2 protein chains.
Amino acid sequence: MQMDERKRRILRAIIDDYILTGIPVGSRTISKKYETGLSSATIRNEMSDLEELGFLDQPHVSAGRVPSAKAYRLYVDSLLQSGVIPDDSAESVLGHFSGRIHQMEDVIDHAARVLSSLTQYTAVVLSPNGLEPRLQTIQLVPVSIGSALVVIVTDQGVIRDSVIRISPEMDGDTLYAISRTLTNELKGCTLSDACKVLPELIRRMEGNDEVLRGLYGYFTEGQQTSRSPHVAVGGTSNMLSYPEYSDVDKARSFLSLMETRDKLAEIVRGNGELAFTVRIGPETGVPEMADCSIITATYSTRGGQQGTIGVIGPTRMRYSRVISILNMMGHQLTDMFNGEDENNPSRNQE
Amino acid sequence: MQMDERKRRILRAIIDDYILTGIPVGSRTISKKYETGLSSATIRNEMSDLEELGFLDQPHVSAGRVPSAKAYRLYVDSLLQSGVIPDDSAESVLGHFSGRIHQMEDVIDHAARVLSSLTQYTAVVLSPNGLEPRLQTIQLVPVSIGSALVVIVTDQGVIRDSVIRISPEMDGDTLYAISRTLTNELKGCTLSDACKVLPELIRRMEGNDEVLRGLYGYFTEGQQTSRSPHVAVGGTSNMLSYPEYSDVDKARSFLSLMETRDKLAEIVRGNGELAFTVRIGPETGVPEMADCSIITATYSTRGGQQGTIGVIGPTRMRYSRVISILNMMGHQLTDMFNGEDENNPSRNQE
DNA sequence: GTTAGCACTCACCGCTTTCGAGTGCTAACC
DNA sequence: GGTTAGCACTCGAAAGCGGTGAGTGCTAAC
């Protein structure tokens, strides 16, 4: 049996209707609501064909049909390849970032909130997971007697800073001198390079070895943390609005998945090379999300790293709308991180 | 009518049983499970008295009794005044912080996670909301040509840093010189003081006024953000494990409350002067939490500021256990933020 | 190929029935 | 006077049951 144009049209009508209502759709509904010039009986025959082809499921014999994952796949593919990304809601995305926001993490949190409130689904935003950054400046800033703050600037922005202990008699000028030396020695290195070079520096710069040792521990840790990106989630409770999750057990397992950020990051990141990814139901590879879909898009920062934004909703998601919003949001974030206005938010902290 | 010792004992048994099972408890249960040497009929009489006194509620005439908020109040008060804070789980709290964690925010996030997994309830941790911090050092660090990172150290730790734009010909040494001047001029000021002083500095240091202007905007914003503390929430999905929240609508309103961090912070913070606060049901003052209880404790940082940790659970919470865990956790955090080991996490960022 | 007609299925709704946990009351008991 | 056994009563939850209607599949006619 073959898919012809009419079958496609009918399938599309079924999907549209199901996305809207969430209840199984029957043959009469299609023949009445959508102006196919066909009677319900004909639709019925076509539906039975479509079921045989694997595009429709029947919850039970006397209920309507429900689109299968395969059907959504077809639907989304044709949506994407048509290249028409409607921008229903362009302005609204743009409007939400007018406030001045500085910190990378704030931007990400904010984006997750906006995304979830715009789509009414659950939103996930990941900070860029960069290539390994290269050191550019190292600066020690006195904090109190006996301790100093390490600020490390890399080509990708500022790494999170931390306090180390130093000997009490060091003053600001000494620290500045050390900073200059360090910067000269380590410029261009990656963090792991720096770990290798440091032991020798410790030998050369006796007297200041305490500082360097503190730095050493910091570098090794910095390597680790730079691997786990920041994950912001918004609108987890939105999911409960959909009848798909009116079962408390299902809801709980979903929510607890949303709470384990690293696992979530892994899921959302996926094979994040493509500009858009749409994974439907089983394609997510996560049993807890058997009837969710995940749509992701990427944004990029000045350093050329890629971050991911994603929306998680029921399989009967409003795909075209979500894709459009993600598209806008991706551009918006890319613009922000490329710092086009004077208060420049392009910092990377991890 | 008066509370006598026997009534108290029976009430306590009822509360214990209800906390354990969550289903209304009947007279027979008490007379069998708990070795009062009394028959169910007697218990029945006592229960009817207790109801009259307002300690018990009856969902409907043919069901068992349920402790009222007043009963929990009595229960908790006697628990607290007995002064016995059992440490069921001392080790487990201690064990969870062995890893080296640097950043204030990481510690807080981590604490929320540990707290929720230990209690099986929802945990909220607030960063300290300080007195207004006083400037100690200001340092400009070159980031790239034309931009510099502002690092501001206060008596309470490091304020979040941000990038400002500078003229391209400034090099590291010039920035250092400016930093020194700024530090000298502004040391000891609060952020708002600094905003007042800056205009004059701008006039005096012509040539560098661009830098100072950037700083000005940053200071004014810093004031604002320093007022909204970091809020970490853990285990929101735990709440769904309790039959109290098997109603999806209830669950959703609870969850969406957990998502609006600033409102949540306000609720949890409460009148945060006391070491322990236990608010039961209506005492929380939030309709969404009519059948929740909130227990909070405080921790303090080196700067003398106080942060809050809290656990939100159903009114039939395991109070003594939660109090014990909060107590341990409070001490633990206080210790951490007073930096007793070499990798000092005592930073305040907001 | 399309459609009208019809028998059939089955979830859902509202109804009654049954069941049992739990109460309140009374009368007897110590 | 406090305690207890006994009993009638209440009422929610669960189970049983027929009616309803949306929806299907099939067949025969157009």
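Residues numbered from 1 in each chain as written. Chains lettered and ligands numbered in written order. Predicted model: local features only at pLDDT ≥ 70, side-chain atom pairs only at ≥ 80, totals over all residues. Heavy atoms only, no water.

Observations concerning the overall build of chain A
Part 1 of the argument: On a plain count of helices and strands, chain A comes out with twelve helices and ten strands.
Part 2 of the argument: By the burial criterion, 56% of the 350 residues in chain A qualify as buried.
Part 3 of the argument: Expressed as a percentage of contacts within chain A between residues at least 6 apart in sequence, the contacts between residues at least 24 apart total 62%.
Part 4 of the argument: Put simply, chain A shows about 14900 Å² of open surface, and 49% of that area lies on carbon and sulfur atoms. (Helix = DSSP H or I, 4+ residues; strand = E, 2+ residues; numbered from the N terminus. Buried < 20%, exposed > 50% of the residue type's maximum accessible area, 1.4 Å probe, protein only. Contact = heavy atoms within 4.5 Å. Areas by Shrake-Rupley, 256 points an atom, 1.4 Å probe, with all protein chains shown as cover.)

Here we look at the sheet that holds strand β3 (residues 122-126) of chain A
Adjacent strands of a sheet pair through backbone hydrogen bonds, lying either parallel or antiparallel.
Residues and elements named next belong to chain A.
Part 1 of the argument: Taken in spatial order, the five strands line up as β7-β3-β10-β9-β8 in an open sheet, and their pairing is antiparallel. With partners counted over all chains shown, the strands left at the sheet margins are β7 (231-234) and β8 (276-280), one partner each. Mean inter-strand twist for the sheet, computed between neighbouring axes without regard to direction, equals 15°.
Part 2 of the argument: As paired elements, β3 and strand β10 (residues 306-314) share five bridges and run antiparallel to each other. Paired with Thr122 across the strands is Ile312, a residue of β10.
Part 3 of the argument: Those strands touched by helix α12 (residues 319-337) are β8, β9 (292-300) and β10, and its axis lies near 25° from that of β9. (Pairing = 2+ DSSP bridges. Axes fitted to C-alpha atoms, helices over the stretch in contact; angles between N-to-C directions.)

Digging into the environment of Asn238(B)
All names here are of chain B.
Part 1 of the argument: For Asn238, the position within the fold is in the loop between β7 (231-234) and α10 (248-259).
Part 2 of the argument: Overall, the relative accessible area of 14% leaves Asn238 in the buried class.
Part 3 of the argument: In this structure the C-alpha to C-alpha distance between Asn238 and Ser117, which are 121 residues apart in sequence, comes to 8.6 Å.
Part 4 of the argument: Dropping the residues within four chain positions of it, Asn238 is found in contact with Ser116, Gln120 and Tyr121.

Some thoughts on the protein's contact with DNA strand D
Part 1 of the argument: Ser27(A), Arg6(B), Thr42(B), Val61(B) and Ser62(B) are the nearest of the 21 residues found near DNA strand D.
Part 2 of the argument: Of all DNA strand D atoms lying within 4 Å of any protein atom, the proportion belonging to sugar or phosphate reaches 77%.
Part 3 of the argument: Here a base oxygen of DNA strand D sits 3.2 Å away from a polar atom, N or O, in the side chain of Arg44(A).
Part 4 of the argument: Counting residues per element, the ones that place at least two in the surface near DNA strand D are α3 (40-52) of chain A together with α3 (40-52) of chain B.
Part 5 of the argument: The biggest single contributor to the surface near DNA strand D is α3(B), with four residues.
Part 6 of the argument: When grouped by side-chain class, the residues that make up the surface near DNA strand D number six nonpolar, eleven polar and four charged. (Near = heavy atom within 4 Å. Polar contact = N/O pair within 3.5 Å; in protein donor to acceptor, adjacent residues only side chain to side chain. Nonpolar A, V, L, I, M, F, W, Y, C, P; charged D, E, K, R; others polar.)

A few points about the protein's contact with DNA strand C
Part 1 of the argument: Contacts to DNA strand C come from 21 residues, most closely from Arg6(A), Thr42(A), Val61(A), Ser62(A) and Ser27(B).
Part 2 of the argument: A share of 76% of the atoms of DNA strand C within 4 Å of the protein falls on sugar and phosphate groups.
Part 3 of the argument: Arg6(A) places a polar side-chain atom, nitrogen or oxygen, 2.6 Å from a phosphate oxygen of DNA strand C.
Part 4 of the argument: Sorting the residues of the surface near DNA strand C by element identifies α3 of chain A together with α3 of chain B as the ones contributing at least two each.
Part 5 of the argument: It is α3(A) that provides the largest number of residues to the surface near DNA strand C, a total of four residues.

Some details on the pattern of salt bridges
Part 1 of the argument: Overall, the coordinates contain 28 salt bridges over all chains when judged by the stated rule.
Part 2 of the argument: Salt-bridge contacts for Asp173(B) lead to Arg180(A); the nearest nitrogen and oxygen are separated by 2.8 Å. A residue pair is termed interchain when its members come from two chains, as with Asp173(B) in helix α7 (residues 172-186) and Arg180(A) in helix α7 (residues 172-186).
Part 3 of the argument: The class for Asp173(B) is partly exposed, based on a relative accessible area of 33%. (Salt bridge = Lys/Arg side-chain N within 4 Å of Asp/Glu carboxyl O.)

With respect to the confidence of the model for chain A
Part 1 of the argument: With 83% of its residues at a pLDDT of at least 70, chain A reaches an overall mean of 82.
Part 2 of the argument: In the predicted structure, residues 340-350 of chain A sits below a pLDDT of 50 and forms 45 contacts with residues beyond four places in sequence or in another chain. (pLDDT = per-residue confidence, 0-100.)

Here we look at the side chain of Arg316(B)
Residue and element names in this part refer to chain B.
Part 1 of the argument: Note on placement: Arg316 falls in the loop between β10 (306-314) and α12 (319-337).
Part 2 of the argument: Of the polar contacts made by the side chain of Arg316, one reaches the side chain of Glu244; its length is 2.6 Å.
Part 3 of the argument: Beyond its immediate stretch of four places on either side in the chain, Arg316 contacts Tyr18, Ile19, Leu20, Thr21, Gly22, Tyr72, Tyr121, Tyr242, Pro243 and Glu244.

What to know about the sheet that holds strand β8 (residues 276-280) of chain B
Residues and elements named next belong to chain B.
Part 1 of the argument: Taken together, the five strands give an open sheet; going across it, the order is β7-β3-β10-β9-β8, and neighbouring strands pair in antiparallel fashion. The outermost strands of the open sheet, each flanked by one partner alone, are β7 and β8. The sheet shows a mean angle of 15° between the axes of neighbouring strands, direction not considered.
Part 2 of the argument: Across five bridges, the pairing between β8 and strand β9 (residues 292-300) is antiparallel. Within β9, the position partnered with Arg279 by the bridge is Ile294.
Part 3 of the argument: Most of the contacts of helix α6 (residues 104-119) go to strand β3 (residues 122-126), to which it runs at about 155°, and overall it touches β3, β7, β9 and β10.

Notes on the packing of aromatic side chains
Part 1 of the argument: Under the counting rule described, the total for this entry stands at nine aromatic pairs over all chains.
Part 2 of the argument: Ring centres of Tyr176(A) and Tyr176(B) lie 3.6 Å apart, and the angle between their planes is 5°; this geometry places the pair in the stacked category. Placement of the pair is Tyr176(A) in helix α7 and Tyr176(B) in helix α7, with the two residues belonging to separate chains. Considered together, Tyr176(A) and Tyr176(B) belong to a single accessibility category, that of buried residues.
Part 3 of the argument: Pairing Tyr245(B) with Phe254(B) gives two aromatic rings, centres 5.2 Å apart and planes at 55°, and the pair type is tilted.
Part 4 of the argument: Grouping aromatic residues by their ring pairs yields a cluster made of Tyr72(A), Tyr75(A) and Tyr319(A).
Part 5 of the argument: When the ring centre of Phe55(A) is taken as reference, the NZ or CZ atom of Lys70(A) above it lies at 4.7 Å. (Phe/Tyr/Trp six-rings, centres within 6.5 Å; stacked < 30°, edge-to-face > 60°. Lys NZ or Arg CZ within 6 Å of the ring centre and 35° of its normal.)

Things to note about a positive patch on the surface
Part 1 of the argument: The grouping of Arg113(A), Arg261(A), Arg113(B) and Arg261(B) at the surface amounts to a positive patch.
Part 2 of the argument: Judged by its relative accessible area of 48%, Arg113(A) falls in the partly exposed class. (Patch = residues over 30% accessible without salt bridge, like charges linked within 9 Å, V, L, I, M, F, W, Y side chains within 5 Å. Lys, Arg positive; Asp, Glu negative; His and termini not counted. Charge placed at Lys NZ, Arg CZ, Asp CG, Glu CD.)

Digging into the pairing of β10(A)
Residue and element names in this part refer to chain A.
Part 1 of the argument: Burial runs high along β10: eight of the nine residues are buried.
Part 2 of the argument: Both β9 and β10 contribute to a ladder of nine bridges, which runs antiparallel. Bridge pairing in β10 links Tyr299 to Gly307.

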